[in-house]
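The chain contents come next:
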Amino acid sequence: MEENNWKKWLKDGDAYLKGMPRPGIKSKFGTDIRYNLLSMGFESYVMAILDFKGNLPDNHTYTDLIDGLERVMPIDPELKARVLKYESIQEICALDKFTILLPTEEEISDLHEVILEFKTIAHKTCLEAA
């Protein structure tokens, strides 16, 4: 693990979210693209924290990322439940069976709010402790 790689993860997360309008604001992108931007942002913020703490996840599903986070810090149960309920929109890690659903505007708006909370947690964990 490269030292200070967490800085790149934070920067990447910020870049993914930069392409997103604020929650509730109309976007030129469909919900499928925004779901992927939010998912990549979520992964980047969690990876920043895990890299900073020197502990990587077992894989990169929402569940794997949350499990990895819980090894290094407590996660609010409501925040955990809110993010995990969106994992089933795209289950693309299995080679033989995968699911791709089109999320609703309401789901995207809620997921965006959740990812913004993880952004705050990641920046606070990494930058304030560095």
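None of these values were measured; they are calculated from a predicted model.

Conventions and cut-offs
- Residues numbered from 1 in each chain as written.
- Predicted model: local features only at pLDDT ≥ 70, side-chain atom pairs only at ≥ 80, totals over all residues.
- Heavy atoms only, no water.
- Helix = DSSP H or I, 4+ residues; strand = E, 2+ residues; numbered from the N terminus.
- Buried < 20%, exposed > 50% of the residue type's maximum accessible area, 1.4 Å probe, protein only.
- Contact = heavy atoms within 4.5 Å.
- Areas by Shrake-Rupley, 256 points an atom, 1.4 Å probe, with all protein chains shown as cover.
- Lys, Arg positive; Asp, Glu negative; His and termini not counted.
- Charge placed at Lys NZ, Arg CZ, Asp CG, Glu CD.
- Expected span 1.5 Å × (residues − 1).
- Arc of directions from axis to C-beta.
- Salt bridge = Lys/Arg side-chain N within 4 Å of Asp/Glu carboxyl O.

**Concerning the overall build of the protein chain**
Argument step 1. When you go through the protein chain residue by residue, the secondary structure sums to 5 helices and 2 strands.
Argument step 2. Along the protein chain, helices and strands appear, N-terminal first, in the series α-α-α-α-β-β-α.
Argument step 3. Referenced to the eigenvectors of the C-alpha coordinate spread, the extents of the protein chain come out at roughly 35 × 35 × 25 Å.
Argument step 4. Burial statistics for the protein chain: of 130 residues in total, 40% are counted as buried.
Argument step 5. A separation of at least 24 residues holds for 65% of the contacts in the protein chain among residues at least 6 apart in sequence.
Argument step 6. For the protein chain, the exposed surface amounts to about 7600 Å²; the carbon and sulfur share of it is 54%.
Argument step 7. Here the protein chain holds 16 positive side-chain charges and 23 negative ones, and the gap between their average locations is 7 Å.

**As for the environment of Gly-68**
Argument step 1. By secondary structure assignment, the location of Gly-68 is in helix H3 (residues 62-72).
Argument step 2. Spatially, the C-alpha atoms of Gly-68 and Val-46 are 8.4 Å apart, while their sequence positions differ by 22 residues.

**Quick look at helix H1 (residues 5-18)**
Each α-helix winds once per 3.6 residues, and so residues spaced three or four apart point in a common direction.
Argument step 1. The terminal C-alpha atoms of H1 lie 20 Å apart, and with 14 residues this matches the ideal 20 Å at 1.5 Å per residue to within 8%.
Argument step 2. Looking at H1, one finds that the buried residues are Trp-6, Leu-10, Gly-13 and Leu-17. One side of H1 holds all its buried residues, which, seen down the axis, span an arc of 60°. With respect to the buried face of H1, the exposed residues turned more than 90 degrees away are Lys-11 and Lys-18.

**Quick look at the pattern of salt bridges**
When their charged atoms lie close together, side chains carrying opposite charge are able to pair.
Argument step 1. Taken as a whole and assessed by the stated rule, the structure comprises 8 salt bridges.
Argument step 2. Note that Lys-8 and Asp-12 form a salt bridge whose closest N and O atoms lie 3.0 Å from each other. Taken together, the residues span about one helical turn, with Lys-8 and Asp-12 both in helix H1 at a distance of 4 residues.
Argument step 3. According to the relative accessible area criterion, Lys-8 is partly exposed, its value standing at 48%.
Argument step 4. Classification of Asp-12 by relative accessible area gives partly exposed; the value is 22%.
Argument step 5. One network of salt bridges, with partners in common, ties together Arg-82, Lys-85, Asp-110, Glu-113 and Glu-117.

Purely geometric numbers; function is a separate question.
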